[in-house]
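The residues making up each chain are set out below.
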Amino acid sequence: TVLIISFFLPLIIYFIIKNRFKNIDKSNTILLSSLICIMPAFQYSAIWGNNHNTALIFFALGVLYLNSFIETNLKKNRKLIISIIFFSLACYIKQYYSFFFVFLLIYLINKINLKKFVLISLFIILCATPGVYFLILNPLLFFGVKQNITNFNSAILISSSIIFFYLVPFIIQIFVNNYNEHKLKLSYFFNVKIFLISLITSVFCSINFYYNGNVGGGIILKLSYLLFDSHYLIFPVAFLGIYFLIYFSQNTMSNYALLILLLITFNTGYFVFQKYFEPMFYIILLSFFDKKKVLESIKKSNYIIVFYFSIYFFSSNYIYFLGL
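**Some remarks on the nonpolar core**
Counting residues in hydrophobic clusters, the biggest one holds 101 residues, and the most contacted among them are Phe-59, Leu-108, Phe-248, Leu-262, Phe-281, Phe-289 and Phe-309. Here this core gets 14 residues from one element, more than from any other, and that element is helix α10 (residues 152-182).

Structure (structure tokens):
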């Protein structure tokens, strides 16, 4: 049953992409939404009945209704209410989705009048009340999570390195899709301000890097230990992750808040797992990041993106069956 229900996720993502990028081919939309099916976190969650996919389905439905609300010029409040309900259900299944409400409120505060904003905020508090009450009764659910596996700044680097892993095929695809038109060069992506912010952030976070454990840490950290028997590869990759996360962001307060939330949400000192971002970040990238820049990578062909995630699929299964 869980396996069958899980296949609603690529269908929902299909409508998310279709509604936001109306001019791309239907075949490209189907291909992009189907990529979810070969992501390891989706597969093992579907096979083993993990609640990961259930939370993702509610989260994706929330995104679908939120984008639909935005397309109505923020007039159809019913769609916003439905999206909040779906986001709340996602949070009750996987608590870390609560970060999205911060982004949502920051987005809405400049888009709707004060009265509506207060009412929406009260509705969100109402939806959160059962969870807060349960947390008060069971404080270990919150305080028990705090551990010393890693520290705040190290978790930022790990999160950004994981994010860069998912951004790589989109960056390459932009080169491929636009090369004949603009003779695209690396300078096309270069921005001095973004470079300095990324460099300062990554250098600051590199101080006292700490990750104590063989579990989690993301694919880049594991690859670093496999190739170099050290964690040093994480530093340049994390820098690129922060850089391109900013590059693909819209130039809005809410989008910058979303960027920060993606980097700091998993900084409790607990293990940082790649599954947290998969395919959540994929959905967020296609839904809320700069439409023009994302479109540059998906408007023509997507074979680089498909090839990249296919290699990821076969490699992860190869590693799993060998027990590496």
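**Some points on the pattern of salt bridges**
A complete count under the given rule lists 1 salt bridge for this structure. When the shortest N-O distance is used, the salt bridge between Glu-71 and Lys-22 registers 3.5 Å. Taken together, the residues Glu-71 in helix α5 (residues 52-71) and Lys-22 in the loop between α2 (8-20) and α3 (26-34) connect sequence positions 49 residues apart. Taking the relative accessible area as the measure of exposure, Glu-71 reaches 44% and is therefore partly exposed.

**Looking at the side chain of Ser-161**
Relative to the helices and strands, Ser-161 is located in helix α10. Given a relative accessible area of 0%, Ser-161 falls into the buried group. Excluding anything up to four places from it in sequence, Ser-161 contacts Ile-220, Ile-234, Val-237 and Ala-238.

**Quick notes on the packing of helix α14 (residues 253-264) against helix α15 (residues 280-288)**
α15 packs onto α14 with a crossing angle of 170 degrees between their chain directions and a minimal axis gap of 12 Å. For the element pair α14 / α15, the angle class is roughly antiparallel. Contact residues: Asn-255, Leu-258 and Leu-262 in α14; Met-280, Phe-281, Ile-284 and Phe-288 in α15.

**Considering the packing of aromatic side chains**
Throughout the structure, instances matching the rule amount to 44 aromatic pairs. Pairing Phe-87 with Phe-101 gives two aromatic rings, centres 6.2 Å apart and planes at 80 degrees, and the pair type is edge-to-face. Of this pair, Phe-87 sits in helix α6 (residues 77-93) while Phe-101 sits in helix α7 (residues 99-109); the two residues are 14 residues apart in sequence, bridging distant segments of the chain. In terms of burial, Phe-87 and Phe-101 fall into one category: buried. Between Tyr-243 and Phe-244 the ring centres are 5.2 Å apart and the planes differ by 75 degrees, which places this aromatic pair in the edge-to-face class. By relative accessible area, Tyr-243 is classed as buried at 5%.

**What about the packing of α5 against α6?**
Between α5 and α6, the shortest axis-to-axis distance is 8 Å and the interhelical angle comes to 160 degrees. Judged by the inter-axis angle, α5 sits roughly antiparallel to α6. Here the hand of the crossing between α5 and α6 comes out left-handed. Counting all contacts with α5, which are made through Thr-54, Ala-55, Phe-58, Phe-59, Leu-61, Gly-62, Val-63, Tyr-65, Leu-66, Ser-68 and Phe-69, the residues of α6 involved are Asn-77, Lys-79, Leu-80, Ile-82, Ser-83, Phe-86, Phe-87, Leu-89, Ala-90 and Ile-93.

Each value, and the rule that gives it
- Residues numbered from 1 in each chain as written.
- Predicted model: local features only at pLDDT ≥ 70, side-chain atom pairs only at ≥ 80, totals over all residues.
- Heavy atoms only, no water.
- Core = buried A, V, L, I, M, F, W, Y, C linked by side-chain atoms within 4.5 Å.
- Buried < 20%, exposed > 50% of the residue type's maximum accessible area, 1.4 Å probe, protein only.
- Helix = DSSP H or I, 4+ residues; strand = E, 2+ residues; numbered from the N terminus.
- Salt bridge = Lys/Arg side-chain N within 4 Å of Asp/Glu carboxyl O.
- Contact = heavy atoms within 4.5 Å.
- Axes fitted to C-alpha atoms, helices over the stretch in contact; angles between N-to-C directions.
- Parallel < 35°, antiparallel > 145°, perpendicular 65-115°, else oblique.
- Phe/Tyr/Trp six-rings, centres within 6.5 Å; stacked < 30°, edge-to-face > 60°.
- Left-handed = near helix turned anticlockwise from the far one by under 90°.

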